[in-house]
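What follows is the residue order along each chain.
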Amino acid sequence: MRLLVAALASELSAFPAEEGFSDALPGFERLVTGPGKLQATYALTMALSRRTYEEVVVVGTAGAIDPDLDADVHEVGTAIQHDVTDIDGIVGQHVSLPARVSTGRDGVVIATGDHFVDDAEATATIRPLGAVLVDMETYAYIWVAQRFGVPIRVLRAVSDRAEDGALTDWKAALDRCSRQLRERIRTDYGV
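Starting afresh in each chain, residues are numbered from 1 along the sequence in its written order. Given that this is a predicted model, residues contribute local features only at a pLDDT of at least 70 and side-chain atom pairs are listed and counted only at 80 or more, while totals for whole chains, interfaces and linings are drawn from all residues. The side-chain values count all of the structure's non-hydrogen atoms but skip hydrogen atoms and water molecules.

- The protein is annotated in an unreviewed UniProt entry as Nucleoside phosphorylase from Microbacterium resistens.

Structural notes on the UniProt feature "domain: Nucleoside phosphorylase" (unreviewed entry) in the protein
Right, on to step 1. UniProt positions are given in the numbering used here, feature names are shortened, and annotations may be inferred rather than shown by experiment. Under the local residue numbering, the UniProt record ascribes the feature "domain: Nucleoside phosphorylase" (unreviewed entry) to residues 32–180.
Right, on to step 2. Strands are runs of DSSP state E lasting at least two residues, helices are runs of H or I lasting at least four, and both sets are numbered from the N terminus onward. End C-alpha atoms of residues 32–180 are separated by 18 Å, and the span's content is 32% helix alongside 27% strand.

Concerning the packing of helix α1 (residues 37–50) against helix α3 (residues 138–148)
Right, on to step 1. Their axes nearest at 9 Å, the elements α1 and α3 cross at an angle of 30 degrees. Classified by the angle between their axes, α1 and α3 sit roughly parallel to one another. For the element pair α1 and α3, the recorded crossing hand is right-handed. Contacts between α1 and α3 involve K37, A40, T41, L44, T45, L48 and S49 on the former and, on the latter, A140, Y141, V144, A145 and F148.
Right, on to step 2. Taken together, the residues of the contact of α1 with α3 sort by class into eight nonpolar, three polar and one charged. Only the contacting stretch of a helix is used when fitting its axis, a line to C-alpha atoms as for every element, and angles between N-to-C directions run 0 to 180 degrees. To sort the angles, those under 35 degrees are grouped as roughly parallel, those over 145 as roughly antiparallel, those from 65 to 115 as roughly perpendicular, and the leftovers as oblique. Should the near helix be turned counterclockwise from the far one by less than a right angle, the crossing is left-handed, whereas a clockwise turn marks it as right-handed. Residue contacts are counted whenever heavy atoms from the two residues lie within 4.5 Å of one another. By the convention adopted, Pro, Cys, Tyr, Trp, Phe, Met, Ile, Leu, Val and Ala count as nonpolar, Lys, Arg, Asp and Glu as charged, and the other residues, Gly among them, as polar.

Structural notes on the pairing of strand β8 (residues 152–160)
Right, on to step 1. Buried, partly exposed and exposed residues are distinguished by accessible area as a fraction of the type maximum, computed with a 1.4 Å probe on protein chains only: under 20%, between the cut-offs, and over 50%, respectively. Of all nine residues making up β8, nine are buried, and the element is well covered by its neighbours.
Right, on to step 2. For two strands to be treated as a pair, DSSP must find no fewer than two bridges joining them. Where strand β3 (residues 55–64) meets β8, eight bridges bridge the pair, whose relative direction is parallel. Pairing of T61 across the sheet is with A157, part of β8.
Right, on to step 3. Pairing geometry for strand β4 (residues 73–81) and β8, over four bridges, is antiparallel. The residue bridging V73 from the neighbouring strand is A157, located in β8.

Listed below in structure tokens is the structure:
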């Protein structure tokens with residue numbers, strides 16, 4: 001059994017319950033964690049404490065901070081935190097957590113932080129950290145899965161450009177992103 005994870009139920013709008021499968025897809029259980037690193041950490045920790053899964057598959061939206069990145073689904077390989085600093089004041093470095101966590105798969109770098117990024121100044125600050133996407137949960141999901149020794153895959157659909165007007169763009173793009181993610185899961189997992 002795999003665990004399908006999203007921060008928000010709206011990101012799963014194209015993943016209706018199929019006849020006979022109340023959790024979403026054959027071979028998958030569904031978990032909606034709530035937004036942000038703390039809620040993501042808590043919900044995924046609780047789920048992995050209760051049951052063993054062969055894989056965690058995260059789906060959801062992300063803002064593109066690379067202006068050349070297509071509004072498509074991207075596999076995440078590495079996550080960093082853009083909203084932390086270490087005792088020397090180095091942005092992206094945490095005092096006790098690793099600077100980077102990896103899914104073990106090829107993919108893009110995403111910067112995770114506990115606020116919705118929606119202005120050019122913020123993206124200009126985050127971009128030098130090496131990320132092309134920004135979200136609010138991926139670092140936490142990967143970190144928790146690693147603690148439990150469970151393989152994790154993260155698929156993020158670009159919903160906005162993480163600059164002025166991003167929240168309006170995100171709301172307008174939710175359905176499209178969910179459909180793109182559903183098609184990717186259908187293609188990759190045959191369900």
